[in-house]
Amino acid sequence: MRYEIHHAYTGEDGFEDIINAQELIIDNINIKIIEEETGLKAPLTSWDIDENVPPGDIVKIHLLLNDKEITNPDKVKLLSVGVFLIPH
């Protein structure tokens, strides 16, 4: 990999903060993340059930580079702690 994007700040725990943006512009290169709703909900884990956590949404993620799609969208499960791939 030639380039990596890192957040400029670290949290109190010493880890980088999350980059919470749908669009980044770096050196005149525009990177967009578009979520396509599927209407599906992720299955609950036993921990989710024990903690009464609602199911997360399953969406398709599109990555665009200068407004041109560069990925084939896969379904992913959205969580408050991150994005995880759902196997086909």
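Residues numbered from 1 in each chain as written. Predicted model: local features only at pLDDT ≥ 70, side-chain atom pairs only at ≥ 80, totals over all residues. Heavy atoms only, no water.

Q: What is the right way to read the pattern of salt bridges from this model?
A: Pairing is possible between side chains of opposite charge, provided their charged atoms come close. In the structure shown here, the tally under the stated rule is 2 salt bridges. Across the salt bridge formed by Lys-32 and Asp-67, the nearest N and O atoms sit 2.7 Å from each other. Of this pair, Lys-32 sits in strand β2 (residues 29–41) while Asp-67 is found in the loop between β3 (57–65) and β4 (68–69), placing the two residues 35 residues apart along the sequence. Residue Lys-32 is classed as partly exposed on the basis of its relative accessible area of 23%. When the shortest N-O distance is used, the salt bridge between Lys-41 and Asp-57 registers 2.4 Å. Of this pair, Lys-41 sits in strand β2 while Asp-57 is found in strand β3, placing the two residues 16 residues apart along the sequence. Of the residues examined, Lys-41 reaches a relative accessible area of 49% and is grouped as partly exposed. Owing to a relative accessible area of 30%, Asp-57 belongs among the partly exposed residues under this scheme. (Salt bridge = Lys/Arg side-chain N within 4 Å of Asp/Glu carboxyl O. Helix = DSSP H or I, 4+ residues; strand = E, 2+ residues; numbered from the N terminus. Buried < 20%, exposed > 50% of the residue type's maximum accessible area, 1.4 Å probe, protein only.)

Q: Help me understand a negative patch on the surface in this model?
A: Taken together, Glu-12, Asp-13, Glu-16 and Asp-17 make up a surface patch of like negative charges. Among the structural elements, Glu-12 can be located in the segment before β1 (23–26). (Patch = residues over 30% accessible without salt bridge, like charges linked within 9 Å, V, L, I, M, F, W, Y side chains within 5 Å. Areas by Shrake-Rupley, 256 points an atom, 1.4 Å probe, with all protein chains shown as cover. Lys, Arg positive; Asp, Glu negative; His and termini not counted. Charge placed at Lys NZ, Arg CZ, Asp CG, Glu CD.)

Q: Even after reading the chapter, I still don't get unusual backbone geometry, so can you show me in this structure?
A: You will see that Asn-52, though not glycine, has its phi angle at about 55°, which is positive. On the secondary structure map, Asn-52 appears in the loop between α1 (46–50) and β3. Note on Asn-52: relative accessible area 70%, which makes it exposed. Positive phi is not limited to glycine here, since Asp-67 has a value of about 65°. Overall, the relative accessible area of 54% leaves Asp-67 in the exposed class.

Bear in mind that shape data such as this cannot, by itself, settle questions of function.
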